[in-house]
Amino acid sequence: MGDQSNESSAACFEESLVKMPTIKFTKLFINGEFVDSVSGNTFETIAPSTGEVITRVAEGDKEDVDLAVKAARAAFDHGPWPRFSGAKRGAIMLKFADLVDEHNEELAKLDTVDAGKLFSFGKAFDIPQVAQSLRYYAGAADKIHGDVLKMSREFQGYTLLEPIGVVGHIIPWNFPSILMFAKVAPSLAAGCTMVVKPAEQSPLSALYYAHLAKLAGVPDGVLNVINGYGETAGAAITHHMDIDKVSFTGSTEIGREVMRAAANSNLKAVSLELGGKSPMLIFDDADVDMAVELALFGILFNKGEACVASSRVFVQEGIYDELVKKLKEKAKDWTVGDPFDPNVRQGPQVDKTQFEKILSYIEHGKRQGATLLTGGKPVGNKGYYIEPTVFTDVKDDMLIATDEIFGPVMSLMKFKTVEEGIERANKTKYGLAAGIITKNIDVANTVSRSIRAGTIWINCYMAIENDVPFGGYKMSGFGRDFGLQGLHKYLHTKSVITPIYNSPWL
Ligand code: ADP
């Protein structure tokens, strides 16, 4: 197979980062082969823990996307994948899942070195979640069927569910593995073929997955990976005339671009999972210690680089003072440092741009009159680390309360009544998720039905599972990943109608 090794470029880096993984794959993956880009260009991928170059990766552009789409189109129109029985696709996906499990450590290392994610968490959560996604949708692959239609006249009708065709998957950098397979696993099960564009900040693990897909028996051309920049390789996908659907996860700003590109090209179907500014509402009857843990976890998990981060925490006035005191204490235990260290809870932000953006929001918060309860500064003098940061006295219209910061920055706000909490929680252009912390079932029921968001967590946060549809209301996007809705977005419904024997139509 078109295997490749690039161990030498990683070697120079090994001295500065002890746990540097061996980088085996850096080229584009097209039609089952690792190949250089047409231009021969490459780009650096940087380790956020040090700011140093990990390796150079082939830089795809329009010509490379064209080649990948050609391969995916041929695999869709003439290849075996869409024609296999669902059971056969499922069997290959199960083998793929086993290979992901076997290579758990290497994959987790790649996301840690590339995106600054915690290695311990990657091994225990991100990579196992990839295998689980493959297994979940492998189990669905042989259960894709339509309906028998009840017709009022002398006809009979049924629906066929058919794979939508060639899909472009555009992936962000905060969960390079999980979000890739939230899209790849269901579209494989559906019988689609695809071009995956990972984020330029985290290009490495997708190539390793492509290698494993081939080993598992996914036919050539079904899964192609093109690394490159958003405005070049990404835009070539969204504008392509021969891609049937784009599934995008990323910022709201680029979500608009994706829709515009689809409208200006072939009207391809689009699903968008975009930004958020999720509220967590903590009511007077809550267990304060649990609320503190959940509030910190909700914003600091994955260093705040989560679209569902609970960045606006509304606390009812009766427990506000106690909660603020305990939160300040607990935030000190949240260790920031080397993402390979098992005792560390927060690694570096993904890159310099993100690091500077977060620090500038912190400055805005201070300038606009919010009080810094804890944190607010960079950590160390190498890499992109930021202290867990909590602001109090935040007003709903301050920038830190309206904008998605995508970093470890919490805005704490006080509220009086359930109605006020609901109204202020909903005062956002986003609608991805919300948290409710209460022991009162009536409050939980009322608030969960009143918040306009795609996921509501009651007395928990960020519980994301394969069977649970995930996506946004309002400007957090549309379409759902995960669950059977996550499969059906890669299927067309075709209606087939025929007159019944002896009907007057014959
Ligand atoms: P973030 O702001 O979190 O980096 P983006 O929305 O910019 O999120 O990026 C998410 C994904 O979208 C990445 O893979 C990126 O390369 C891609 N992307 C960025 N700009 C475009 C674009 N104009 N067209 C298509 N994809 C893009």
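Computed from a prediction, not measured in an experiment: that's the story for all the values here.

What follows covers the environment of Leu-491. Residue position: Leu-491 is located in strand 24 (residues 491-499). Leu-491 sits 300 residues away from Gly-191 along the chain, and the two C-alpha atoms are 8.7 Å apart. Sequence-distant contacts of Leu-491, defined by excluding residues within four places in its chain, comprise Ile-144, Leu-161, Glu-162, Pro-163, Ile-164 and Ala-190.

So, about the site of the ligand. Within the structure, the ligand sits among 15 residues, and Ile-171, Trp-173, Lys-197, Glu-200 and Ser-251 are positioned closest to it. The contact in question runs from an oxygen atom of the ligand to an N or O atom on the side chain of Glu-200, over 2.5 Å. Interatomic distance of 2.7 Å between a side-chain N/O atom of Ser-251 and an oxygen atom of the ligand. Relative to its unbound accessible surface of 550 Å², the ligand loses 82% to contact with the protein. Elements represented by at least two residues in the shell around the ligand include exactly helix 8 (230-238) and strand 10 (245-249).

Looking now at the packing of helix 3 (residues 86-102) against helix 7 (residues 204-216). Where helix 3 meets helix 7, the axes come as close as 8 Å, and the angle between the chain directions of the two elements is 130 degrees. Taken together, helix 3 and helix 7 sit at an angle that is classed as oblique. Between helix 3 and helix 7 lies a crossing whose hand is right-handed. In this structure, helix 3 uses Ile-92, Lys-95, Phe-96, Leu-99 and Val-100 to contact helix 7, whose residues at the interface are Tyr-209, Leu-212, Ala-213, Leu-215 and Ala-216. Here the contact of helix 3 with helix 7 is built from residues that sort into 9 nonpolar, no polar and 1 charged.

Considering all chains together, one arrives at 17 aromatic pairs under this definition. Arranged with centres 5.5 Å apart and planes meeting at 85 degrees, the rings of Phe-25 and Tyr-208 form a pair that is edge-to-face. Placement of the pair is Phe-25 in the loop between helix 1 (7-14) and strand 1 (28-30) and Tyr-208 in helix 7, with a sequence separation of 183 residues. On the accessibility criterion, Phe-25 (4% relative accessible area) is buried. Look at Tyr-208 and you get buried, because its relative accessible area is 4%. An aromatic cluster is present here, built from Phe-121, Phe-125, Phe-175, Phe-297 and Phe-301 joined pairwise through their rings. Directly above the ring of Tyr-490 sits Lys-245, whose terminal nitrogen or CZ lies 5.8 Å from the centroid.

Counting 108 residues, the largest nonpolar core has Phe-96, Val-100, Leu-134, Leu-188 and Ile-282 as its most contacted members. Tallying contributions element by element places helix 6 (residues 176-190) first for this core, with 10 residues. Once residues within four sequence positions are removed from consideration, Leu-134 is found in contact with Met-93, Phe-96, Ala-97, Val-100, Phe-181, Ala-185 and Leu-188. Within the second largest apolar cluster, 29 residues are counted, among which are Val-394, Val-409, Ala-434 and Ile-436.

As a further point, take helix 8. Quick reminder: α-helices carry 3.6 residues per turn. Residues three or four places apart thus point the same way. Inspection of helix 8 places Ala-233, Gly-234, Ala-236, Ile-237 and Thr-238 among the buried residues, and these make up the whole buried set. Residues of helix 8 that are buried in the fold lie against helix 2 (62-77), strand 7 (166-170), strand 8 (193-197), strand 10 and helix 9 (252-264).

Once that is clear, we can look at the pattern of salt bridges. Inspection of the entire model under this criterion finds 29 salt bridges. The shortest N-O distance in the salt bridge between Glu-305 and Lys-303 comes to 2.8 Å. There is no split in this pair, since Glu-305 and Lys-303 are both buried. With a shortest N-O distance of 2.5 Å, Asp-481 and Lys-489 are connected by a salt bridge. For the pair Asp-481 and Lys-489, a shared accessibility class is recorded, and that class is buried. By sharing partners, the salt bridges in this structure join Arg-73, Asp-77, Asp-242 and Asp-244 into a single network.

This part covers the domain arrangement of the chain. We note that the domain assignment places domain 1 (34-274 + 477-492) and domain 2 (279-458) within the chain. Centre-to-centre, using C-alpha coordinates, domain 1 lies 31 Å away from domain 2. Each side of the interface is counted separately: domain 1 has 23 residues, and domain 2 has 25 residues. Considering only the surface of domain 1 that becomes buried against domain 2, Pro-48, Leu-118 and Trp-173 emerge as the three largest contributors, covering 26% of it. Seen at the junction of domain 1 and domain 2, the total is 1 salt bridge. Here Glu-52 ties to Lys-382 by a salt bridge, and the two come within 3.9 Å at their closest N and O atoms. There are 6 residue pairs in polar contact (both at pLDDT 80 or more) connecting domain 1 and domain 2.

What counts and what doesn't
Residues numbered from 1 in each chain as written. Predicted model: local features only at pLDDT ≥ 70, side-chain atom pairs only at ≥ 80, totals over all residues. Heavy atoms only, no water. Helix = DSSP H or I, 4+ residues; strand = E, 2+ residues; numbered from the N terminus. Contact = heavy atoms within 4.5 Å. Near = heavy atom within 4 Å. Polar contact = N/O pair within 3.5 Å; in protein donor to acceptor, adjacent residues only side chain to side chain. Areas by Shrake-Rupley, 256 points an atom, 1.4 Å probe, with all protein chains shown as cover. Axes fitted to C-alpha atoms, helices over the stretch in contact; angles between N-to-C directions. Parallel < 35°, antiparallel > 145°, perpendicular 65-115°, else oblique. Left-handed = near helix turned anticlockwise from the far one by under 90°. Nonpolar A, V, L, I, M, F, W, Y, C, P; charged D, E, K, R; others polar. Phe/Tyr/Trp six-rings, centres within 6.5 Å; stacked < 30°, edge-to-face > 60°. Buried < 20%, exposed > 50% of the residue type's maximum accessible area, 1.4 Å probe, protein only. Lys NZ or Arg CZ within 6 Å of the ring centre and 35° of its normal. Core = buried A, V, L, I, M, F, W, Y, C linked by side-chain atoms within 4.5 Å. Salt bridge = Lys/Arg side-chain N within 4 Å of Asp/Glu carboxyl O. Domains from an automatic or database assignment. Buried area = accessible area lost by both parts, 1.4 Å probe.

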